[in-house]
Amino acid sequence: MTLTKKLVGFGATALLALGLAACGNDDGKTENEGTATSVGESVNYKITGIDPGAGIMETTEKAIEEYELTDWDLVSGSGAAMTAALKKAYDKENPIIVTGWTPHWKFAKYDLKYLEDPKGVYGGEEQIRSIGRIGLAEDLPEAHQILSQFHWTEEDMGEVMMAIQEGEKEEVAAQNWIEANEEKVAEWTAGVEKVDGDKIKLAYVAWDSEIASHNVMKIVLEDMGYDVTLTQVEAGPMWTAVADGSADATLAAWLPITHKTYAEKFEGKFEELGVNMEGVKIGLVVPTYMDIDSIEDLKE
């Protein structure tokens, strides 16, 4: 049997307007609430995703195929649209299934759980790695060393993410964290001499986690004398930019699963600088009030 997967694309505005997988009607109920006989019916067979170029979207398409979820659609949008849909559903205790990853502030704000993945499509724990263009070590040796020494924890990143989520400007949240963690930052810059206005370009995806890390690193590099440009793109263009040299580096390579396709495509065209965070994870996420535990349950 041939599986036909549907990837339905909506911008953030359209997704919020339609309230896919999360909206209520005038009485605050979902379309199928009270009449749904399965999890699929309760969410209109929709999984609320993020930008279509993200590795987690590719992996979710694979999960739909592997688990034979022939009636299900993966809805693309953005990270902001996904969290807005989650909030809308959560506030009414309506069912919703979203693509999720850790670290992310939503796990601190809401009671959520990953669906079990018995087929291992999403893999186990991952790492966030820093990668640089070929020749970075020769052209910008000080930055190469700082990026290679950069490592922090989920708790560190969470402080910056939550501050931004609560309304702090990205650069202010990053600066506040740096001032409160001078010893940790000193480990990243240990043994490095300051430069005088050297330019460096960092590319990153619009995940809350990567917004946090790149804004912190921007300030660290600026304090070391660099002229830093941050460019926010989707995952494919981010990897392409590092591979073709139009970006110097990124701190946002999720491996070995999330960005596996890009790592294989550009093998030999980038340098791995090091792991900047351990124990990260991706998968399908639901509120804990939903009576579902496994991706296998979506077939019922």
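Treat the numbers as computed from the prediction; the structure is a model and nothing was measured. (Residues numbered from 1 in each chain as written. Predicted model: local features only at pLDDT ≥ 70, side-chain atom pairs only at ≥ 80, totals over all residues. Heavy atoms only, no water.)

**Student:** So what's going on with the overall build of the chain? Which residues, and what values?
**Tutor:** Scanning the chain from N- to C-terminus turns up 13 helices and ten strands. For the chain, buried positions account for 52% of its 300 residues. Here the analysis covers contacts within the chain between residues at least 6 apart in sequence; of these, 82% occur between residues at least 24 apart. If you sum the accessible surface of the chain, you get close to 13,300 Å²; carbon and sulfur atoms cover 45% of it. (Helix = DSSP H or I, 4+ residues; strand = E, 2+ residues; numbered from the N terminus. Buried < 20%, exposed > 50% of the residue type's maximum accessible area, 1.4 Å probe, protein only. Contact = heavy atoms within 4.5 Å. Areas by Shrake-Rupley, 256 points an atom, 1.4 Å probe, with all protein chains shown as cover.)

**Student:** Now, about the confidence of the model for the chain: what can you tell me, with residues and values included?
**Tutor:** Any residue range with low pLDDT should be treated as having predicted coordinates unsuitable for detailed reading. Overall, the prediction assigns the chain a mean pLDDT of 89, with 88% of residues at 70 or greater. Note on residues 1-34: pLDDT is under 50 here. Beyond four places in sequence and across chains, it has 67 contacts. (pLDDT = per-residue confidence, 0-100.)

**Student:** So, the environment of T60: which residues are in play, and what are the values?
**Tutor:** Of note, T60 is situated in helix 3 (residues 55-66). A relative accessible area of 0% means that T60 is categorised as buried.

**Student:** Summarise the pairing of strand 6 (residues 126-133); cite the residues concerned and give the values.
**Tutor:** For strand 6, the tally of buried residues reaches seven of eight residues, placing the bulk of the element in the interior. Examined bridge by bridge, strand 6 and strand 10 (residues 270-287) share seven bridges and lie antiparallel to one another. Paired with S130 across the two strands is G274, which belongs to strand 10. In this sheet, strand 9 (residues 249-255) lies alongside strand 6 in antiparallel orientation, the contact comprising five bridges. Each bridged residue has a counterpart across the sheet, and for Q127 the counterpart in strand 9 is L255. (Pairing = 2+ DSSP bridges.)

**Student:** Any chance you could break down the pattern of salt bridges for me, citing the residues and the numbers?
**Tutor:** Tallying each qualifying case throughout the model produces ten salt bridges. Taking the shortest distance from any N to any O, the salt bridge between D91 and K87 comes out at 2.7 Å. Of this pair, D91 and K87 both sit in helix 4 (residues 79-91), four residues apart, roughly one helical turn. What makes K87 partly exposed here is its relative accessible area of 40%. (Salt bridge = Lys/Arg side-chain N within 4 Å of Asp/Glu carboxyl O.)

**Student:** A description of the packing of aromatic side chains should follow, citing residues and the corresponding values.
**Tutor:** Applying the stated criterion across every chain yields a total of 14 aromatic pairs. Ring geometry for Y90 and Y110: centres 4.8 Å apart, planes at 45°, overall tilted. Here Y90 is found in helix 4, whereas its partner Y110 is found in the loop between helix 5 (106-109) and strand 5 (112-114), with 20 residues between them in sequence. As far as the burial class goes, Y90 and Y110 line up, both buried. An aromatic cluster is built from Y90, W105, Y110 and Y289, whose rings are joined through pairwise contacts. The ring of W101 carries the charged tip of K106 above its face, separated from the ring centre by 4.4 Å. The lysine or arginine in question, K281, covers the ring of Y114, its NZ or CZ lying 4.3 Å from the ring centre. (Phe/Tyr/Trp six-rings, centres within 6.5 Å; stacked < 30°, edge-to-face > 60°. Lys NZ or Arg CZ within 6 Å of the ring centre and 35° of its normal.)

**Student:** Talk me through helix 3; I want residue IDs and the actual numbers.
**Tutor:** The end-to-end C-alpha distance of helix 3, which contains twelve residues, comes to 16 Å, matching closely the 16 Å that a straight helix rising 1.5 Å per residue would cover. Listing the buried residues of helix 3 in full gives G55, I56, M57, T59, T60, A63 and I64. (Expected span 1.5 Å × (residues − 1).)

**Student:** Go over the side chain of R129 with me, naming the residues and quoting the values.
**Tutor:** Examined against the element boundaries, R129 turns out to sit in strand 6. Given a relative accessible area of 16%, R129 falls into the buried group. In terms of polar contacts, R129 uses its side chain to reach the side chain of Q127, at 2.9 Å. A polar contact of 3.1 Å, which involves the side chain of R129, links it to the side chain of E272. (Polar contact = N/O pair within 3.5 Å; in protein donor to acceptor, adjacent residues only side chain to side chain.)

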